[in-house]
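Results of the structural survey
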Amino acid sequence: MEIKKRVAEILKSTIASTPGQPEFYQAVEEVLTSLEPLLKRENKYEKYNIIERIVIPERQILFRVTWIDDKGKIQTNIGYRVQFNSAIGPYKGGLRFHPSVNLGIIKFLGFEQIFKNSLTGLPIGGGKGGSDFDPKGKSEGEIMRFCRAFMEELFKHIGPNKDVPAGDIGVGGREIGYMFGMYKRLTNNFEGVLTGKGLNWGGSLARTEATGYGCVYFAENFLNKYDEFLKNKICTISGSGNVATYTIEKLYTVGAIPVTCSDSRGMIYDKNGINLETLKRVKEVERKSLVEYAKEHPNAVYTPIEKYEKGRNAVWDIPCFAAFPSATQNEVNLADAKVLHKNGCRIVVEGANMPSTLEAISYYQENGILFAPAKAANAGGVATSQLEMSQNASMESWTFEEVDAKLHGIMKHIFDLSYETSMEFGEKGNILLGANIAGFRKVADSMIEQGAV
Ligand code: NDP
Ligand code: 2IT
């Protein structure tokens, strides 16, 4: 059968068998479409039914999380862990705590993670998990009780050679700490079952910074191919969490000027550059809204989301050379992409997972905007998680400089591999295609070698 038709057929059967998961279909469509040139060239993937198999998780775990709030009332949430693919290593991927979490979201993230992890060149499979628990407005005690309750079930399904979760939206060092404590209590094992741990108890230096730093390293590798660079360039960033903060930090190091950040309530435009110290204090320490940032910096412009133009993200109105969407999925749509282009944006670097809609991606590609897709650009986080696993397994701890140097090397490897693969398929500079094909090939070939499992 013609490949295009076969891909359409698999997409259709995926939709029919897993209703109500639009984000998952979007991720599947993006990956399968870029695989078409490979599938045309090599018939082994069809022969071994790889595409049909790879879109189905090896296992998905759904569980009730029951915990007690500060008023003594019993609260219930849903917990998820999707163990998507273990062809090249134990399942690896973050946990997201956000009210929007559902099975489709966790599946899209888990599916993307398979190829991202493969691209790093490290031995890690793909998985993702989380809960619809909303950490906003919860007390410290409630966060701890929720994390303990979540681990009370999750511990049965994870392990250092089985599945190693980490953070994602709403899950940072604090939550990893509470979950690790509970895992240890339940299993009586001190082992590297989670990454993003505290530095006193098995965490790796530079893991906190890794995703954001990695995005900037990736952008520099990409731009260097075109004799361009970030120095003295205006950059816009969405989000103000882990990824956004350390993207901003590294942008300053390379001499760029990061002028925006945002959260779920609004955005800041600080034309002389975001004040990193205030940002870290307001978001990491005080856990408050960016309104507080605006109060301290009267020159900064704060726009609440009620004031955004309908169907638009106001961050992308600010003219920039490089845009780093680093908050959440589908935060750059076609209308946003058009404004970025009109204002002369040269490159979009995805810190978040799937922040661009399929229409926005096509628009970048048709209009000469360099596109650094999430699974390549933001892979520095999970790669450094694997470095944490490696240190745990060998009972070593490496210096910040050692880990950062390895991260540098890994981001260069991911870029080179994606770029070379784009050339191999006659699509020079199409990093989306290069990343998808290179990430897929390693996993798919491993699946073939491991037989019908
Ligand atoms: P954080 O929880 O640290 O920060 C998330 C930020 O995005 C916050 O500023 C939050 O606002 C904002 N945000 C979240 N959801 C929405 C929404 N629906 N609308 C508007 N703003 C929103 O998460 P991370 O920085 O860790 O993750 C950000 C993105 O990066 C996610 O897509 C994640 O999957 C991806 N990622 C994370 C990695 C990591 O190592 N942490 C690795 C690779 C990718 P508020 O403060 O108001 O909640
Ligand atoms: O999306 C991601 O790559 C992450 N949230 C990090 C996963 C990890 O295991 O470090």
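Below, the structure is looked at part by part. All values reported here derive from a predicted model rather than from experimental measurement. (Residues numbered from 1 in each chain as written. Chains lettered and ligands numbered in written order. Predicted model: local features only at pLDDT ≥ 70, side-chain atom pairs only at ≥ 80, totals over all residues. Heavy atoms only, no water.)

1. Some thoughts on the site of ligand 2
Not every one of the 14 residues close to ligand 2 is listed here, only the nearest: Lys92, Lys116, Arg207, Asn353 and Ser385. One of the side-chain N or O atoms of glutamine 113 is found 3.0 Å from an oxygen atom in ligand 2. Interatomic distance of 2.6 Å between a side-chain N/O atom of serine 385 and an oxygen atom of ligand 2. Computed on the free molecule, ligand 2 has an accessible area of 290 Å², of which 93% lies beneath the protein chains in the complex. Every element with two or more residues in the shell around ligand 2 is listed here: strand E3 (91-97), helix H5 (103-119) and helix H15 (380-394). Its residues assigned to classes, the shell around ligand 2 comprises two nonpolar, seven polar and five charged. (Near = heavy atom within 4 Å. Polar contact = N/O pair within 3.5 Å; in protein donor to acceptor, adjacent residues only side chain to side chain. Areas by Shrake-Rupley, 256 points an atom, 1.4 Å probe, with all protein chains shown as cover. Helix = DSSP H or I, 4+ residues; strand = E, 2+ residues; numbered from the N terminus. Nonpolar A, V, L, I, M, F, W, Y, C, P; charged D, E, K, R; others polar.)

2. Re the site of ligand 1
What surrounds ligand 1 is a group of 25 residues, the closest being Lys136, Asp168, Thr211, Ser264 and Asn353. Glycine 170 is positioned with one of its backbone polar atoms (N or O) 2.9 Å from an oxygen atom of ligand 1. Interatomic distance of 3.0 Å between a side-chain N/O atom of lysine 283 and an oxygen atom of ligand 1. Expressed as a share of its isolated accessible area of 900 Å², the protein-covered part of ligand 1 is 82%. For the shell around ligand 1, the secondary structure elements donating two or more residues are helix H8 (207-224), helix H9 (242-253) and strand E8 (260-263). Within the shell around ligand 1, the residues separate by chemical class into four nonpolar, 14 polar and seven charged.

3. A closer look at helix H2 (residues 22-41)
Compared with the 28 Å implied by 1.5 Å per residue over 20 residues, the 29 Å span of H2 between its first and last C-alpha is a close match. The sharpest bend along H2 reaches about 45 degrees and sits at leucine 35, with the proline proline 37 one to four residues further on. (Expected span 1.5 Å × (residues − 1). Bend = angle between axes of the 7 residues up to and from the residue.)

4. Let's talk about the environment of glutamate 153
Its location among the elements puts glutamate 153 in helix H6 (residues 140-154). In sequence terms glutamate 153 and glutamate 228 are 75 residues apart; their C-alpha atoms lie 50 Å from each other. A distance of 2.7 Å separates the side chain of glutamate 153 from the side chain of lysine 156, its partner in a polar contact.

5. Regarding the packing of aromatic side chains
Enumeration over the complete set of coordinates arrives at 22 aromatic pairs. Between phenylalanine 24 and phenylalanine 84, the ring centres sit 6.1 Å apart and the planes meet at 40 degrees, which makes this aromatic pair tilted. A residue pair is termed long-range when its members are at least 10 positions apart, and phenylalanine 24 in helix H2 and phenylalanine 84 in strand E2 (residues 74-85) qualify at 60 residues. Pairing tyrosine 213 with tyrosine 217 gives two aromatic rings, centres 6.4 Å apart and planes at 65 degrees, and the pair type is edge-to-face. Highlighted residues: tyrosine 213 and tyrosine 217, both in helix H8, separated by four residues, approximately one helical turn. By relative accessible area, tyrosine 213 is classed as buried at 8%. Classification of tyrosine 217 as buried rests on a relative accessible area of 4%. A network of ring pairs unites the aromatic residues Phe63, Trp67, Phe97, Phe133, Phe146 and Phe150 as a single cluster. (Phe/Tyr/Trp six-rings, centres within 6.5 Å; stacked < 30°, edge-to-face > 60°. Buried < 20%, exposed > 50% of the residue type's maximum accessible area, 1.4 Å probe, protein only.)

6. Quick look at the sheet that holds strand E6 (residues 234-237)
Taken in spatial order, the five strands make up an open sheet running E7-E6-E11-E12-E13, and their pairing is parallel. Every interior strand has two partners, whereas the edge strands, strand E7 (257-258) and strand E13 (370-372), have only one. In the sheet, strand E12 (residues 347-349) pairs with E13 via three bridges, with the strands oriented parallel. By the bridge assignment, valine 348 is partnered in E13 with phenylalanine 371. (Pairing = 2+ DSSP bridges.)

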